[in-house]
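Listed here are the chains, written in short residue letters.
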Amino acid sequence: MKIDCAFSRLHPLTLLSWFAVVLSVTVFTVNPVFALVSLLGAVIYSFAGRAGVSFPGALSQLLFMAAVTLINPIVSHHGTTVLFFLHDLPVTLEALLFGALMSVIITSSIRWCGVLSTCMTSDKVIYLCGRVFPRLAVLISLTLRFIPLIKDRYKRISDAQRMLLPSSDKIISRLRLMLSTVSALITMVLEESIDTADSMRARGIGLKCRTSYSDFKFGTLDLIITLYDIIAAVYLIVIQKLGGTYFAFYPRITVLPSASSALGAYIVFLVLILIPTFTEVRVWKRSALKT
Amino acid sequence: MKKVIAAAAVLLSAAALVFALNFETVDDHYGAKGERSSNRSVTLYVNCIELLDIDETSMSSALRSSGVIPSDGIIIPEGEYPLHEGDTAFDVLRSALNDKRIHFDYTSISDKSAYVKGINNIYEYDCGDLSGWMYSVNGIFPTISSSEYVLEDGDRIVWMYTCDLGRDVGDTYYTMNGGSDHEN
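Residues numbered from 1 in each chain as written. Chains lettered and ligands numbered in written order. Predicted model: local features only at pLDDT ≥ 70, side-chain atom pairs only at ≥ 80, totals over all residues. Heavy atoms only, no water.

(A) Representation of the sheet that holds strand S8 (residues 156-162) of chain B in the model. Residue and element names in this part refer to chain B. Spatially, four strands are ordered S3-S2-S8-S7 in an open sheet, and the strand pairing comes out mixed. Edge positions in the sheet fall to strand S3 (74-82) and strand S7 (132-137), since each of these pairs with one other strand and no more. Each neighbouring strand pair of the sheet contributes to a mean axis angle of 15°, computed without reference to strand direction. Packed on one face of the sheet, helix H4 (residues 89-99) meets strand S2 (41-47), S3, S7 and S8 and runs near 70° to S2. (Pairing = 2+ DSSP bridges. Helix = DSSP H or I, 4+ residues; strand = E, 2+ residues; numbered from the N terminus. Axes fitted to C-alpha atoms, helices over the stretch in contact; angles between N-to-C directions. Contact = heavy atoms within 4.5 Å.)

So, in structure tokens, the structure goes:
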């Protein structure tokens, strides 16, 4: 199902770099500010753009988040602030808040992965693999071609076989039907594959001088976004290593003012997260100008 | 909509079930449970001295700066505690920690398999892969769970935090020659 939105019309390299940075930051930095900004960005984008797998609605997501938040204190008893005791083990505030953070991280990565799956269509994946892993690209494209083809052939052959063989409800005759269908199918597929191999050789697949056609243009917006991704990635990694965004829950929660030395990192990430929404809004503004 | 209601019902009933299992407030839990006096007693000593001279990289900075590690490394100073019939090393530890309102985390599948995960928010593996809590009775490190070891009058139990599988606190089980219990 092809969804055409402004964000998915960016160059595949831009999309790849953007998703790589956003997903790594969301998942690997266990930091409440990054996690909340990521979730906020995903929610805002779900109103702005049409990309994104239709995940069960907001209520189910909230229920899921509540479940994750409440399960963590039951399995983890770290922390100095005890709320009450359950079965002789302490249920702590730190464990509850850590569960909340985990639920935000999981929900925002599910949402962004939904957007990724609609934006990163198969032709973009093949284009990206084509330069670096040409054999993988050929494999993906062959698989994508043959699976619907074989399904269609199987249906046609089994229809024909059903006409030829006497119909009966006995298991043996059904087995015979299936056997003859499958053998006819395999023969057909083998013949097809020889034809395919000949035509691929004729078209020069595997030769060094072969170029492939793709209509992805790398425009100025793509350049700006990719550069910003790279700079943001380097900046965030440096800040992480210096410990500015360090956040711990056990045994005591890091007091947030002391973590504000990474305010720059949070702002950089906020801008990064709003890029998809920005691309959509840009298109609205343009179409508003035209009318 | 029905699915959402069903999910919410499941969540609520699970929560109710969990709460049915011994819900106690903080004061209930730490309150005096009727001190039963006994004419038998044991000595208990809980410390984490090994953590004091550990290098910077092994321990997380959160643990170091949190203040849960006492400056002298002693969590419960050596003292006498009443011993009741059938008390195990684990029972004595638990009642002493409850008495002093110190954080305690353990898992136990059955009565005989208690495993101490953390005392006073100092947890296993906080100091590397070889760290955790161990106990010795009268200087010997038993090879059974602390909830299996029944104590005698006058025993001296020491719970200590090791950063090296017991080798830094005197347990020879994992050394080259092996301890005397190795044959069991």
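(B) Inspection of the interface of chain B and chain A at higher detail. Taken residue by residue, the interface counts 27 residues in chain B and 23 residues in chain A. Counting each side, the surface lost to burial between chain B and chain A is near 2,200 Å², with a carbon and sulfur contribution of 64%. Inspection of the region where chain B meets chain A yields one salt bridge. Taking the shortest distance from any N to any O, the salt bridge between Asp88 of chain A and Arg94 of chain B comes out at 2.5 Å. The interface formed by chain B and chain A contains seven residue pairs in polar contact (both at pLDDT 80 or more). Where the side of chain B that touches chain A is concerned, the elements lending two or more residues are helix H1 (2-20), strand S1 (23-24), helix H2 (26-30), helix H3 (61-66) and strand S4 (104-108) of chain B. Among the elements that take part in the side of chain B that touches chain A, H1 of chain B stands out by supplying six residues, more than any other. Grouping the constituent residues of the side of chain B that touches chain A by class yields 16 nonpolar, eight polar and three charged. (Buried area = accessible area lost by both parts, 1.4 Å probe. Salt bridge = Lys/Arg side-chain N within 4 Å of Asp/Glu carboxyl O. Polar contact = N/O pair within 3.5 Å; in protein donor to acceptor, adjacent residues only side chain to side chain. Nonpolar A, V, L, I, M, F, W, Y, C, P; charged D, E, K, R; others polar.)

(C) Region of the structure containing the pairing of S2 of chain B. Residue and element names in this part refer to chain B. Counting buried positions over the seven residues of S2 gives six, a clear majority of the element. With five bridges connecting them, S2 and S8 associate as parallel partners. Across the sheet, residue Val46 finds its bridge partner in S8, namely Trp159. (Buried < 20%, exposed > 50% of the residue type's maximum accessible area, 1.4 Å probe, protein only.)

(D) Up close: empty space enclosed by the protein. The tally for this structure, following the rule as stated, stands at two cavities of 30 Å³ or more. By volume, the largest cavity amounts to about 70 Å³. Every residue along the wall of the largest cavity is listed here: Phe85, Asp88 and Pro90 of chain A together with His29, Tyr30, Arg94, Asn98, Ile102, His103, Phe104 and Tyr106 of chain B. If you list the elements that add at least two residues to the lining of the largest cavity, you get H2, H4 and S4 of chain B. Looking at side-chain class alone, the lining of the largest cavity contains six nonpolar, three polar and two charged residues. For the second largest cavity, the calculated volume is near 40 Å³. (1 Å grid on protein atoms, 1.4 Å probe; cavity = no way out; pocket = protein on both sides within 12 Å on 5 of 7 lines; lining within 4 Å. Points joined across faces, edges and corners; volume = space filled by probe spheres on them.)

(E) Quick look at the domain arrangement of chain A. The domains assigned to chain A are domain 1 (7-120 + 218-290) and domain 2 (147-201). Between the C-alpha centres of domain 1 of chain A and domain 2 of chain A there is a distance of 49 Å. (Domains from an automatic or database assignment.)

(F) Structural context of the environment of Leu130 of chain B. Residue and element names in this part refer to chain B. Inspection of the secondary structure assignment puts Leu130 in the loop between strand S6 (122-123) and S7. The exposure class of Leu130 is partly exposed, given its relative accessible area of 36%. Residues Leu130 and Thr162, spaced 32 residues apart in sequence, show a C-alpha to C-alpha distance of 7.7 Å. If near-sequence neighbours (up to four positions away) are discounted, Leu130 is found in contact with Thr162, Cys163, Asp164, Leu165 and Arg167.

(G) Quick look at helix H1 (residues 12-28) of chain A. The first and last C-alpha atoms of H1 of chain A sit 23 Å apart over 17 residues, in line with the 24 Å expected at 1.5 Å per residue. All of the buried residues in H1 of chain A are Pro12, Thr14, Leu15, Ser17, Trp18, Phe19, Val21, Val22, Leu23, Val25 and Thr26 of chain A. (Expected span 1.5 Å × (residues − 1).)

(H) Layout of the packing of H1 of chain A against helix H4 (residues 93-119) of chain A. Residues and elements named next belong to chain A. Where H1 contacts H4, the axes come no closer than 10 Å and their chain directions differ by 170°. With respect to their mutual orientation, H1 and H4 come out roughly antiparallel. Here H1 and H4 pass one another in a crossing that is left-handed. Residues Leu15, Trp18, Phe19, Val22, Leu23, Thr26 and Val27 of H1 touch H4, and the partners they reach there are Ile105, Ser108, Ser109, Trp112, Cys113, Val115, Leu116 and Cys119. Residue classes in the contact of H1 with H4 are distributed as 12 nonpolar, three polar and no charged. (Parallel < 35°, antiparallel > 145°, perpendicular 65-115°, else oblique. Left-handed = near helix turned anticlockwise from the far one by under 90°.)

(I) Region of the structure containing the side chain of His103 of chain B. Assignment of secondary structure puts His103 of chain B in the loop between H4 and S4. Given a relative accessible area of 8%, His103 of chain B falls into the buried group. Setting aside residues up to four positions removed in sequence, His103 of chain B forms contacts with His77, His78, Gly79 and Pro90 of chain A together with Tyr30, Gly118, Ile119, Asn120, Asn121 and Tyr123 of chain B.

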